[in-house]
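# A closer look at the structure
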Amino acid sequence: VLLLLGWLGGETGFGLLLVLLAALFWLLPVPLWLRRYAAEPALAQPREWWVISGLVVLAGGGVAFTVLHDAPGYGPGWVLLLMFLVAGADIGAFFAGRRFGRVKLAPQISPGKTREGAWGALAATALVALAGAAALGVPAARWPAFLLVCALTVIWSILGDLFESMLKRQHGAKDSGTLLPGHGGVLDRIDSLTAAAPVFLLGLTVFGPWR
């Protein structure tokens with residue numbers, strides 16, 4: 001229902017409010033939530049928190065994609081860039097983690113992730129962001145700000161991945177579902193994107209324009 005209302009709101013009213021709430025959710029409560037869980041893994045969260053956060057995450061991420069696709073000054077190319085940023089960060093993290101990984105990033109939440117992998121993700125992000133800036137016609141003078149927005153987006157995409165891992169651990173689940181056998185479920189495929197989309201759109205709005 002929230003996603004439908006946000007879509008009907010387009011890039012005004014309820015839709016933008018939902019994106020803003022989702023971005024603030026990722027920027028403020030989620031890092032604290034992850035830190036608290038890392039310190040006290042056995043501490044259970046109230047069911048209501050999960051229900052509310054699920055609605056905000058899924059609806060906010062979906063509406064952010066819609067606004068990014070349809071809003072004046074953006075379009076499909078910006079959606080593709082966001083997807084390439086997250087995919088590139090995953091690839092960079094995988095190879096850097098395999099080659100250089102030593103220090104665990106969040107062992108209580110996701111033991112496979114390392115700090116070296118996170119740096120690899122950011123390095124890949126810089127390459128994708130520069131290519132995207134050139135392809136989308138972002139003026140060279142705006143590239144530093146653009147790189148900052150893209151880097152913050154990828155950092156929060158990593159937090160989105162950790163948040164979903166935390167959710168599964170608190171519920172004793174290995175995968176988020178069975179709809180995609182071998183892939184961990186639908187949420188495992190979109191966890192980074194649902195976090196990245198509202199943060200990306202908020203960053204573009206705050207630091208823009210980009211023409």
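Keep in mind that this is a model prediction, so the values were computed, not measured.

## So, the overall build of the protein chain
- Counting its regular elements, the protein chain contains eight helices and two strands.
- For the protein chain, the succession of helices and strands along the chain, N to C, is α-α-α-α-α-β-β-α-α-α.
- Here the protein chain, with 211 residues, has 42% of them falling under the buried criterion.
- Sequence separation of 24 or more characterises 72% of the internal contacts of the protein chain that already satisfy a separation of 6 or more.
- In the form shown here, the protein chain has an accessible surface area of approximately 11,100 Å², with 71% of it arising from carbon and sulfur atoms.

## Thoughts on the pairing of strand E2 (residues 110-114)
- In this sheet, E2 lies alongside strand E1 (residues 104-106) in antiparallel orientation, the contact comprising two bridges. Residue pairing across strands places Lys 104 opposite Thr 114, the latter belonging to E2.
- The loop that links E1 with its antiparallel partner E2 comprises three residues.

## Digging into unusual backbone geometry
- Put simply, Gly 208 and Pro 209 share a cis peptide bond, and its omega is 5°.
- The topology assignment puts Pro 209 in the segment after helix H8 (186-207).

Basis of the calculations
Residues numbered from 1 in each chain as written. Predicted model: local features only at pLDDT ≥ 70, side-chain atom pairs only at ≥ 80, totals over all residues. Heavy atoms only, no water. Helix = DSSP H or I, 4+ residues; strand = E, 2+ residues; numbered from the N terminus. Buried < 20%, exposed > 50% of the residue type's maximum accessible area, 1.4 Å probe, protein only. Contact = heavy atoms within 4.5 Å. Areas by Shrake-Rupley, 256 points an atom, 1.4 Å probe, with all protein chains shown as cover. Pairing = 2+ DSSP bridges.

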